[in-house]
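What follows is each chain in one-letter form.
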Amino acid sequence: MEPVYLDHNASTPVDPEVLEAMRPYLAEHYGNPSSTHAYGKALRAAIERARGQVAQLIGSEPEEIVFTSGGTESNNLAIRGSVAARPQRRHLLTSVIEHPATLRPCALLQGRGYAVEHAAVDARGQVVAGEMAGLLRADTALVSLMHANGETGTVQPVQEVAVAARARGVLVHSDAAQSLGKIEVQVDQLGVDLLSIAGHKMYAPVGVGALYVRGGTAIEPLLAGAGHERGLRPGTENTAGIVGLGAACVIAGRVLAAESARQRDLRDLLWRRLASRVPGLALNGHAEQRLPNTLSVRFPAVSGNALLALCDGLAASTGSACHAACETPSAVITAMGIADRDALGTVRLSLGRASRRDAIEQAADQLAAAWNRLAGRG
Ligand SMILES: Cc1ncc(COP(=O)(O)O)c(C=O)c1O
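In this report, we go over the structure that sits alongside the text. Computed from a predicted model, the values in this text were never measured in an experiment.

Calculation criteria
- Residues numbered from 1 in each chain as written.
- Predicted model: local features only at pLDDT ≥ 70, side-chain atom pairs only at ≥ 80, totals over all residues.
- Heavy atoms only, no water.
- Pairing = 2+ DSSP bridges.
- Helix = DSSP H or I, 4+ residues; strand = E, 2+ residues; numbered from the N terminus.
- Axes fitted to C-alpha atoms, helices over the stretch in contact; angles between N-to-C directions.
- Contact = heavy atoms within 4.5 Å.
- Phe/Tyr/Trp six-rings, centres within 6.5 Å; stacked < 30°, edge-to-face > 60°.
- Lys NZ or Arg CZ within 6 Å of the ring centre and 35° of its normal.
- Expected span 1.5 Å × (residues − 1).
- Buried < 20%, exposed > 50% of the residue type's maximum accessible area, 1.4 Å probe, protein only.
- Arc of directions from axis to C-beta.
- Left-handed = near helix turned anticlockwise from the far one by under 90°.
- Near = heavy atom within 4 Å.
- Polar contact = N/O pair within 3.5 Å; in protein donor to acceptor, adjacent residues only side chain to side chain.
- Nonpolar A, V, L, I, M, F, W, Y, C, P; charged D, E, K, R; others polar.
- Core = buried A, V, L, I, M, F, W, Y, C linked by side-chain atoms within 4.5 Å.
- Domains from an automatic or database assignment.
- Salt bridge = Lys/Arg side-chain N within 4 Å of Asp/Glu carboxyl O.

## Comments concerning the sheet that holds strand E8 (residues 209-213)
Point 1. With respect to topology, 7 strands assemble into an open sheet ordered E2-E8-E7-E6-E5-E3-E4, the strand pairing being mixed. Strand pairing shows two members of the sheet lacking a second neighbour, strand E2 (65-68) and strand E4 (115-119), which therefore form its edges. Each neighbouring strand pair of the sheet contributes to a mean axis angle of 20°, computed without reference to strand direction.
Point 2. Here 4 bridges tie E2 to E8, and the two strands are oriented antiparallel to one another. Across the sheet, Thr68 pairs through a bridge with Gly209, a residue of E8.
Point 3. This element, helix H2 (residues 38-58), spans E2, strand E7 (194-198) and E8 of the sheet and lies at about 115° to E2.
Point 4. Here helix H3 (residues 71-84) sits on the sheet and contacts E2, strand E3 (91-95), strand E5 (140-144), strand E6 (171-175), E7 and E8; the angle it forms with E7, its principal contact strand, is near 160°.

## Notes on the packing of aromatic side chains
Point 1. Applying the stated criterion across every chain yields a total of 1 aromatic pair.
Point 2. One Lys or Arg, Arg90, reaches over the ring of Tyr114 and ends 4.1 Å from the middle of that ring.
Point 3. Over the ring of Tyr203 we find Arg353, and its NZ or CZ is 3.8 Å from the ring centre.

## Considerations on helix H4 (residues 100-111)
Point 1. Relative to the 16 Å expected for 12 residues at 1.5 Å per residue, H4 spans 16 Å between its end C-alpha atoms, a close match to the ideal helical length.
Point 2. Turning to H4, its buried residues number three or more, namely Ala101, Thr102, Pro105, Cys106 and Leu109. The arc that holds the buried residues of H4, viewed along the axis, is 130°, so those residues lie on one side. Facing away from the buried side of H4, by more than 90 degrees, are the exposed residues Arg104 and Gly111.
Point 3. The inward-facing, buried residues of H4 contact H3, E3, E4, E5 and E6.

## With respect to the packing of H2 against helix H8 (residues 239-277)
Point 1. Where H2 meets H8, the axes come as close as 8 Å, and the angle between the chain directions of the two elements is 30°. In this structure, H2 meets H8 at a crossing whose hand is left-handed. Of H8, the residues touching H2 (which contributes Leu43, Ala46, Ile47, Ala50, Gln53, Val54 and Leu57) are Thr239, Ile242, Val243, Leu245, Gly246, Ala247, Cys249, Val250, Ala252 and Gly253.

## Brief notes about the site of the ligand
Point 1. As a structural note, the neighbourhood of the ligand is formed by Gly70, Gly71, Thr72, His99, Met146, Asp175, Ala177, Gln178, Ala198, His200 and Lys201.
Point 2. Between the ligand and Thr72 there is a distance of 2.6 Å, counted from an oxygen atom to a side-chain nitrogen or oxygen.
Point 3. Contact distances for the ligand include 2.9 Å between an oxygen atom and a side-chain N or O atom of His200.
Point 4. The residue inventory of the shell around the ligand, partitioned by class, reads 3 nonpolar, 6 polar and 2 charged.

## So, the nonpolar core
Point 1. Counting residues in each nonpolar core, the largest one holds 58 residues, and the members touching the most others are Ile58, Phe67, Leu195, Ile197, Met202 and Leu245.
Point 2. For this core, the element with the highest residue contribution is H8, accounting for 9 residues.
Point 3. Both domains that meet at this core, namely domain 1 (4-10 + 256-374) and domain 2 (16-252), each give it at least three residues.
Point 4. Grouped together as the second largest cluster of nonpolar side chains are 27 residues, Leu274, Phe299, Leu367 and Trp371 included.

## What to know about the pairing of E6
Point 1. Most of E6 sits out of view: 5 of its 5 residues are buried.
Point 2. A two-sided burial pattern is seen for E6, the buried positions comprising Leu171, His173 and Asp175 on one face and Val172 and Ser174 on the other.
Point 3. Bridging between E5 and E6 involves 3 bridges; their strand directions are parallel. By the bridge assignment for E6, Leu142 is matched with Leu171.
Point 4. The pairing of E6 with E7 spans 3 bridges and is classified as parallel. Looking at the pairing, His173 lines up with Leu194 of E7.

## Notes on the pattern of salt bridges
Point 1. All chains considered together, the criterion is met by 21 salt bridges.
Point 2. Here Arg51 ties to Glu229 by a salt bridge, and the two come within 2.9 Å at their closest N and O atoms. Highlighted residues: Arg51 in helix H2 and Glu229 in the loop between E8 and H8, separated in sequence by 178 residues. As far as the burial class goes, Arg51 and Glu229 line up, both buried.
Point 3. When the shortest N-O distance is used, the salt bridge between Arg357 and Glu361 registers 3.0 Å. One end of the pair is Arg357 and the other is Glu361, both in helix H12 (residues 357-374) and 4 residues apart, which spans about a single turn.
Point 4. Members of the salt-bridge network, linked through shared partners, are Arg44, Glu48, Arg51, Glu229 and Glu237.

Take a look at the structure:
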């Protein structure tokens, strides 16, 4: 039997409907979307249709969507590209819980003389909007605050921070790689200028993503090349991947309400079943303001990696890094004020569209049995 897959925040399977939408662009259509003959025009039409589908899901205009290779590239383009276009502003504001795809481009800019500040989070893994806004400066170029954290699922107060930032002429970027398709994401409601999308977190394939760039936002491309994607992302378009992302956005819009309610119920069942079998089990992150599919828990007195190693029938993750002789806890978990030793007991369980009740119960029972063995109770 296949292990129960509870690692959808790492990557989702490709939706069969997405695959079907992509198939003609792998098997039948070929050519270059920039060509003016019929072959090129067919690809161009498919790309523009997909652009409209992505825009529709986030409430933007189609021309505000730039296709990329995924979340990492979108974050790099947003952060490095927008800062390059505003050279007079030398300060960047982000948070301590961002993905490396945000932290590293910020660190790179810091190495080039920019001042970078990281807003802290509270015990539930949430930035305090007023505190973050208090770090804004007259020379802040950009605020980058993720919409939801992939490890804890905690949703961030992007809207509140954006109001303060935009009042001071500061651009706002949000990494929505983990939130799009799981909760409502509307660019105007969030008040963002830039928003990152990753295909493989929302049932499209790996290797495609998008960046929303609000009309009128100055931004420089990272790559030098031809004029694709309004000059922001040169390189012949990945038509099949783009079509897949468009189809994934249509599906997400259609199933979001029902799936988020269904997955929240299953996730809460998982939590109750685990908590009733593991005394001292603790929740990481915000109890309510959290992605409906995400459950991050700390098992007492054991290592999450050791625990998962005993669970052959379960695919999940810990966030901790394993080195030769020691384990390093996830910085996202310790940022909430949790001691390293306790943080190492973390296991993240992230549900998806294929998650079913019997598999959830089985996963809980496996984890509880493994914990009993490790903690010397069983
Ligand atoms: C919040 C967040 N941003 C960015 C990324 C990177 O996206 P990609 O793998 O598409 O480059 C991830 C992937 O884990 C993520 O969780």
